[in-house]
Amino acid sequence: MTPEQFIAKWKNASLNESQAAQEHFIDLCRLLGEPTPGEADPGGEWFCFEKGATMTTGGEGWADVWKRGHFGWEYKGKKKSLDDALDQLKRYALALENPPLLIVCNLDHFRIVTNWTNAVSHRHDLTLEDLREPTKLRLLKWAFSEPERLRPGLTRRTVTEIAAGKFAALARDLRAKGHAPDMVAHFINRLIFCMFAEDIGLLPGTMFTRMLEAAKRQPAQFEPMARQLFDAMRTGGMVGFETIAWFNGGLFDDDLALVLSRPEIELALDAAAMDWSEIDPSVMGTLFERGLDPDKRSQLGAHYTDREKIMQIIEPVIARPLRAEWEAVRAKIADAMSRAKAAADASEKLTKEAQLLPIPTSRMEHAKATGSMKAALTRNSRTITRERNRADTLFRGFLERLRTFKVLDPACGSGNFLYLALQTLKDLELQAMIEAEALGLPREFPGVGPEQLLGIEINPYAAELARVSVWIGEIQWMQRHGFSVSKNPILRPLDTIACRDALFDVDGSDADWPVAEAIVGNPPFLGGKLLRDGLGDSYVDRMFATFRGRVPAEADLVCYWFAKAGEQVEVGGAGAVGMVATNSIRGGANRKVLDRIATTQRLYEAWADEAWVVDGASVRVSLVAFTTKAGMPCSGARLNGEEVEEIYSDLTARRAGRGVDLTKASRLPENGGIAFMGDTKGGAFDIPGDLARPWLRMPANPNGRYNADVLRPWANGLDVTRRPRDMWIIDFGWEMNETEAAFFEEPYRYASSHVRPARVARQAKGYAKAWWRHERPRPEMWRALEGCERAAVTPRVAKHRLFAWHAPMVVPDSQLIVIARSDDTTFGILQSRIHEMWALRLGTSLEDRPRYTPSTTFETFPFPEGLTPNISSADYRNDPRARRIADAARRLNEWREAWLNPTDLVVRVPEVVPGYPDRILPVDEAAAKELRKRTLTNLYNQRPAWLDNAHRALDEAVAAAYGWPADLDEEEVLRRLLELNRQRAAAQE
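Residue positions are given per chain, counted from 1 along the sequence in the order it is written. For this predicted model, a pLDDT threshold of at least 70 governs which residues receive local features, and a threshold of 80 or more governs which side-chain atom pairs are given and counted, while totals over whole chains, interfaces and linings are taken from all residues. Computation of side-chain values covers all heavy atoms of the structure but excludes hydrogens and water.

**What about the overall build of the protein?**
Thinking step 1. Helix and strand labels come from DSSP, where a helix needs a run of H or I of at least four residues and a strand needs a run of E of at least two; each type is numbered from the N terminus. The helix and strand tally for the protein stands at 33 helices and 31 strands.
Thinking step 2. Each principal axis of the C-alpha atoms in the protein carries an extent, and together these give about 130 × 85 × 65 Å.
Thinking step 3. In this scheme, a residue with accessible area under 20% of its type's maximum is buried, one over 50% is exposed, and one in between is partly exposed, where area comes from a 1.4 Å probe on protein chains only. Split into buried and exposed, the 989 residues of the protein put 54% on the buried side.
Thinking step 4. In the protein, the proportion of contacts linking residues at least 24 apart, taken out of those at least 6 apart, comes to 71%.
Thinking step 5. Looking at the protein as shown, the accessible area adds up to about 42,300 Å², and 51% of this sits on carbon and sulfur atoms.
Thinking step 6. Asp and Glu count as negative and Lys and Arg as positive, but His and the ends of the chain are not part of the count. By convention, the point assigned to a charge is CZ for Arg, NZ for Lys, CD for Glu and CG for Asp. Distance between charge centroids for the protein: 2 Å, based on 130 positive and 138 negative side chains. In this analysis, two residues are considered to be in contact whenever any of their non-hydrogen atoms come within 4.5 Å of each other. Residue-level accessible areas treat just the shown protein chains as cover; the underlying method is Shrake-Rupley with a 1.4 Å probe.

Laid out in structure tokens, this is it:
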């Protein structure tokens, strides 16, 4: 069929919708060269007319045509409203598997509306006459065969980012005029919502844009005009001759408006030209918060979290259990409706049979037959009523369950989690209503609403943004699915999103959280060592006192939210929790909170190590969901997207009967007092060698002592993983008073200038008042190192778990872990694959780099029997196991050193102070360039064959010391190590 033939046939057709729809579509298939539904899919499984009409319960048909993954298509009669057709199709989109295209047609006109998730919706309108144009006809062809070619290039997030950028300049101008940031934010929120309301038709006739255009000509009129509009939106009223709906909701609680200059009005007009109907509430809050109030960009809780990541929590905590509940309820409804239908069919059959019976010969026989039939009909009628009532009660009970389901985000920030939680509940409600309708029950108007969302947010601006995000999301959902927006008011008050502290009430007591079935969110990330800097001494002291015994004092801030959420579940105040944490929650002090949760409740969904974005920076996080021991109506547990039998508190799991719960490992006394974190300097005590050496050459000070007594080489993790940086440190020890320190004139003068100001300022935060001393000089470490000719060190955080030898006169920074042992045997065991496996599982990580700690990774590790750290190396000098390990470790270290510092590239220069390690310098510039590439990190990234062979020999020697084969897999090694750990811990109790 040609376009001319198609147009001629249908231009004058007067058939109604039911008469014309299928023939019109078949003709269109012929025109486009596409198979018809019957030709392409005779079974009607993925391409059919009257989608839904074949259901056994007699559905009315959800779409006139449906093609999976392509479109849902609704016909209307000539000159009928395409808007009404589209609204009808939207209401059934979920039942049609959310097709990417929604197409409506009234025989004369076609409308194609794109429906991709999280993409800006685009509309294409065509008339019959347009089909003569190949470019127009191609749009319909693509709908049938290549729908992806109609996907809009602009995502909703991109639109939101552009909008945020436009308003950032306006906000900066207003703040520069001296307006308070909160006032600017509140005013900007009003502008944002007015633009959104205008583009979705809640403000009549582009009123807001027309107001800006008028104000552009007379800038002085902007403020009074905006006040008049905001006042009308507050209560409903008139602006000129136009009626304004009642908005309210708190956003328009007064008529506050700020004066705008002509350039500022032009900025607002530029923003108003965008399509605000497609703004994405799941990112809007945070993007605008960053753009409008840069001073609060790093405020706790103000994180941007993308939609897909949030759904990794919303799905298992809210969607999956409620879907499981609905599946169970729907099965019961189907059973009840089936029983009612069977009774109705029986009555119909009985009535027909009665009509065919011969006329009774006597009154008695007639009465008997009639009575029997009436009794059967009565029984069937009662069955129909009872079963329909049962189905209706089940359905309404589930709807009530959804409509009273509360979701709490106790650190809601800009509302990202709450917005998506609401979308999820509304989608579930619509799905239930559509499927219940297909079973024969009447559909209802959606009842799930924003009042079911509970939030706690300490930042007033973020709390308001959360409300705006939820309001916009609610309105968008209703319109996207073809429902009218609620009225009187349009914005229902959202006092359920409270602006307050989540940990403490106003009187300083432990804060009560509102009761909710689900707790979700992204609590603030702040490391345990940064609490006082970030929160202040008084707050932290109160926090430690209130949560003593519930959260270790060294734990990250996020753990306090996990502890409180876990307590809500314990007392029955919440059914499930899903929150984001730094991935360090898997170990150390942080894991103590998860240990309790795993003991008293059940971890059922987790992502152990996920990429995340906080204030534009990429970090690594863990997503954790837990529930009561009894669980929820969705069985099983999942770790990193895979089904598992049990999730341990370190976010590893048991699968198919295999798994090692290393959270049961104990610290072993035999390993105590050996491993230490290095010196925490707490100030700018470090200096370059070029400054240190002239001081070292100076004559004796007035006290007769040389500067070498307080100047020492200094090393941190970078000096191990990269090249030594030639850094020194001023170190007055842990006992020297200020009078004694002042005798060392140059070092003291430098420290007084570079360290003292910052340390004095921090005294109020609880730091040592002796500003000239290091914050934590670790005297216990120095005592353990006495008599050691060298010590093993490893970076606290590094890509590869590397150990190196360290000269004991060099001050190790806190980014190094120091092992106070000098023997090659201990060094070899620590550098082995067996210890590395243990350290990686027992340690935490910073971003994607494993962390090593004296407590969890060293003190829990069971060394081979007879080679433990509490035994002097002299005692096992003749043990063949120790000699084999020592030889392999010595060779590995010698070969590494030869690669790092080849004799033809370096020269060793004695240090100015006798006894200190020689300086290793390049012989020339070419050598310096080559040496910059020679780092332990680069070596282990390349892992050449000789290095691999050296490690294999070491690993075999260490495995033999345990009496194990060298080729055990990781799980078996860890299982045996845990067994050793528990045996030794039990023996020492």
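**Observations regarding the layout of surface pockets**
Thinking step 1. Of the volumes computed, that of the second largest pocket is approximately 1,600 Å³.
Thinking step 2. Grid points spaced at 1 Å over the protein atoms alone were grouped into cavities, where a 1.4 Å probe fits but cannot get out, and pockets, open sets with protein on both sides within 12 Å along at least five of seven lines, with lining residues defined by an atom within 4 Å of a point. Looking at the second largest pocket, it is lined by 50 residues, and the ones nearest its centre are Asn 115, Gln 476, Trp 477, Arg 480 and His 481.
Thinking step 3. Of all the elements, helix H14 (residues 416-438) adds the most residues to the lining of the second largest pocket, at 7 residues.
Thinking step 4. All residues other than Ala, Val, Leu, Ile, Met, Phe, Trp, Tyr, Cys, Pro, Asp, Glu, Lys and Arg, Gly among them, are scored as polar; the first ten of these are nonpolar and the last four charged. Tallied by class, residues from the lining of the second largest pocket come to 17 nonpolar, 17 polar and 16 charged. Grid points are joined across faces, edges and corners, and a volume is the space filled by probe spheres set on the points.

**Structural notes on the sheet that holds strand E27 (residues 816-819)**
Thinking step 1. Pairing is antiparallel across the open sheet formed by 4 strands, whose spatial order is E20-E27-E24-E25. The strands lining the two open edges of the sheet, one partner per strand, are strand E20 (675-677) and strand E25 (804-806). Across the sheet, the axes of successive neighbouring strands diverge by a mean angle of 35°, strand direction being ignored.
Thinking step 2. Think of it this way: DSSP has to see at least two bridges between two strands before they count as a pair. Where E20 and E27 come together, 3 bridges link them in antiparallel fashion. By the bridge assignment, Met 677 is partnered in E27 with Ile 817. Interaxial angle, 0 to 180 degrees, is taken between N-to-C directions of lines fitted to C-alpha atoms, where a helix line uses only the stretch in contact.

**Some words on the nonpolar core**
Thinking step 1. Within the largest apolar cluster, 127 residues are counted, with the highest numbers of intra-cluster contacts made by Phe 193, Phe 222, Leu 229, Phe 230, Phe 247, Trp 276 and Ile 318.
Thinking step 2. Of all the elements, H14 adds the most residues to this core, at 14 residues.
Thinking step 3. Apart from the residues lying within four places of it in its own chain, the contact partners of Phe 247 are Phe 193, Ala 197, Leu 202, Leu 203, Met 233, Phe 252, Pro 489, Ile 490 and Leu 491.
Thinking step 4. The term nonpolar core refers to a set of buried residues drawn from Ala, Val, Leu, Ile, Met, Phe, Trp, Tyr and Cys, joined through side-chain atoms within 4.5 Å. Formed by 91 residues, the second largest nonpolar core is a distinct cluster that contains Leu 662, Ala 708, Met 781 and Phe 827.

By themselves, these are just geometric observations and shouldn't be taken as functional.
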